[in-house]
Amino acid sequence: MTTSVSDDAALVRVRGLRFSHGPRVIYDGVDVDIPRGKVTAIMGPSGTGKTTLLRIIGGQWQPAAGTVEFDGVNVHTLRRKALYELRKRMGMLFQNGALLTDLSVFENVAFPMREHTDLPESMIRDLVLMKLEAVGLRGARDLFPSQLSGGMSRRVGLARAIALDPDLVMYDEPFTGQDPISMGVLMRLIRSLNDALGLTSIVVSHDVEEVLSISDYAYVIASGKVLASGTPDSIRNSDSPYVQQFLRGEPDGPVAFHYKAAAYADDLMNKGKKA
Amino acid sequence: MSIITDMLQGLGRAQFFLLSIIGAIPSALLRPRLLVQQLYTVGVMSLIIIVISGSFVGMVLALQGYRTLVDFGAAESLGVFVAVVIVRELGPVVTALLFAGRAGSALAAEIGLMKATDQLSGMEMMAVDPIKRVIAPRFIAGLIAMPLLSMIFAMMAIGIAGGHAIGVNLLGVDDGAYWSQIHSSLHWEDIRDSLVKSAVFGAAVSWIAVYQGYHAAPTSEGVSRATTSTVVVSSLAILALDFILTAFMFH
């Protein structure tokens, strides 16, 4: 279902990306390529703006400098209408599914179809049931989002993200706060949907082992820079001490355990004085 | 100093927001089902509080009016007193204050929650403009519902339960005099002005509510703050606008 305009190997190409939130620099010159038809993992500690990257690719936020190309089109020079057209080719799964709370599961998945197509009701029904079957929730179609568990909400969100058969699906922290079973379900779904539907997937996560086990390519981003990129194996064998600390979850290392402070002894001696 | 600049900034943002809502109105009108849904939640759900409050306000006015009028032997004019006060002032103002408390706060909380749970950005990523799909229908519904609610409030206060029940049935004012005096002293212009006031208040409350919800910080604290400031800012806006409108309608 990939309707590619160019034969470029990368569906999304980020070059020299700079972005800051007020005084905080999130990205300081980042280059990322998302290869077509592959699952790419973006890893990094909390607060490095992994979600920000997805919002920039989706054109919701403007970078301060640098370009983001989706299938050869610069996302941030598009006018609103063209941007909305482009977004129909992207699906995004938000951290908690972001389901519309006043609509049932069925209507949530039908929502993008009803908004963007003139399909007859019977065809919408078939399509929705197919999407729900793919995530294993055909039986839950009449439930409301408040009745779903976190993992189920994400699966419904996933069914909705693939409702319009997009080229790219972006997953924002899909594993956070999931029990092992629903984590396994989500992992299998991401991999199998990517291969079965010929998608390109970006998975943003800090669940290192899980995301490396399903991805073809991975980036480690921290403090505004790409620290490592490559296949999961080359990431695991990376000689960067930071990457090793991140992968093994060591409490001390390049990222220090102690928040920046004056020397301990000095601090204790300066009784009563404000540091 | 920073309070004033903050306020001006907020006003500027709110005006641009209003412009984008107005731009989205045509496409919202093309989807009557969304509008009807919102008319139900904004209008019908506010009915009970409007009906009950209208009755009580009318009853109190009748009691107070009768005490004064009876000293002058003018108890027959009770109908006029109640009707003029309700139609010109209390109807639109009290309805708008209640509307801000009932529907405005609910709107702000709903939209703020949709923002906090990523539903609005989710829509944007699905290439659906939340201003068209979520904000504009709610704004139009508020605009339509307010004048209707205010008329229902006035009917309850003057005729059905309030002033009539107390004045005629309890205090013994003549039924014919009650109605005929209203008929001869209340003009078409009064009702028109009342409707204008209600529509302006409706627009103001809906505007403030959707603005506060849409620009709420995406946290539970942000949502609660948006709800509170909707009610506070709406109430102030209603009373200030009421003075301005009354001054212009005064002749």
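The preceding data block contains the structure.
Structural notes, computed from the coordinates. (Residues numbered from 1 in each chain as written. Chains lettered and ligands numbered in written order. Predicted model: local features only at pLDDT ≥ 70, side-chain atom pairs only at ≥ 80, totals over all residues.)

**What to know about the overall build of chain B**
(1) Moving on: Helices and strands together make up the secondary structure of chain B, namely 10 helices and 0 strands.
(2) Moving on: Across chain B, helices and strands are ordered from the amino to the carboxyl terminus as α-α-α-α-α-α-α-α-α-α.
(3) Moving on: With respect to the principal axes defined by its C-alpha atoms, chain B has extents near 70 × 45 × 30 Å.
(4) Moving on: Evaluated residue by residue, chain B yields a buried proportion of 47% over its 251 residues.
(5) Moving on: Across chain B, every contact between residues at least 6 apart in sequence was considered, and the portion connecting residues at least 24 apart equals 86%. (Helix = DSSP H or I, 4+ residues; strand = E, 2+ residues; numbered from the N terminus. Buried ≥ 20, exposed ≤ 12 C-beta atoms within 10 Å, placed from the backbone. Contact = placed C-beta atoms within 7 Å.)

**Observations concerning the sheet that holds strand E1 (residues 10-21) of chain A**
All names here are of chain A.
(1) Moving on: Taken together, the 4 strands give an open sheet; going across it, the order is E2-E1-E4-E5, and neighbouring strands pair in antiparallel fashion. Single-partner strands in this sheet number two, and they are strand E2 (24-35) and strand E5 (73-74).
(2) Moving on: Here 2 bridges tie strand E4 (residues 65-70) to E5, and the two strands are oriented antiparallel to one another. Its bridge partner being in E5, Phe-70 is matched across the sheet by Val-73. (Pairing = 2+ DSSP bridges.)

**Regarding the pairing of strand E7 (residues 168-172) of chain A**
All names here are of chain A.
(1) Moving on: Within E7, 5 of the 5 residues are buried, which leaves the element mostly enclosed by the surrounding structure.
(2) Moving on: On E7, burial covers both faces: Leu-168, Met-170 and Asp-172 on one face and Val-169 and Tyr-171 on the other are all buried.
(3) Moving on: The sheet contact formed by strand E6 (residues 90-93) and E7 spans 4 bridges and is parallel. Bridged to Leu-93 within E7 is Tyr-171.
(4) Moving on: In this fold, the crossover linking E7 to strand E8 (residues 200-205) by way of helix H6 (residues 180-197) has right-handed handedness. (Right-handed = clockwise from strand over helix to strand, strands pointing away.)

**A few points about the packing of helix H6 (residues 130-160) of chain B against helix H9 (residues 188-214) of chain B**
All names here are of chain B.
(1) Moving on: Between H6 and H9, the least distance of the axes is 8 Å, while the angle of their chain directions is 150 degrees. As summarised for this structure, H6 and H9 are arranged roughly antiparallel, according to the angle between their axes. Taken as a pair, H6 and H9 cross one another with a handedness that is right-handed. Between H6 and H9, the contacting residues are Ile-135, Arg-138, Phe-139, Gly-142, Leu-143, Ala-145, Met-146, Pro-147 and Ser-150 on the first element and Ser-194, Leu-195, Ser-198, Ala-199, Phe-201, Gly-202, Ala-203, Val-205, Ser-206, Trp-207, Val-210 and Tyr-214 on the second. (Axes fitted to C-alpha atoms, helices over the stretch in contact; angles between N-to-C directions. Parallel < 35°, antiparallel > 145°, perpendicular 65-115°, else oblique. Left-handed = near helix turned anticlockwise from the far one by under 90°.)

**Let's talk about the packing of helix H4 (residues 78-116) of chain B against H6 of chain B**
Residue and element names in this part refer to chain B.
(1) Moving on: The geometry of H4 relative to H6 is characterised by a closest axis approach of 8 Å and an angle of 150 degrees between their N-to-C directions. Read as a crossing pair, H4 and H6 show a hand that is right-handed.
(2) Moving on: Here the residues of the contact of H4 with H6 sort into 19 nonpolar, 4 polar and 1 charged. (Nonpolar A, V, L, I, M, F, W, Y, C, P; charged D, E, K, R; others polar.)

None of this, on its own, says anything about what the molecule does.
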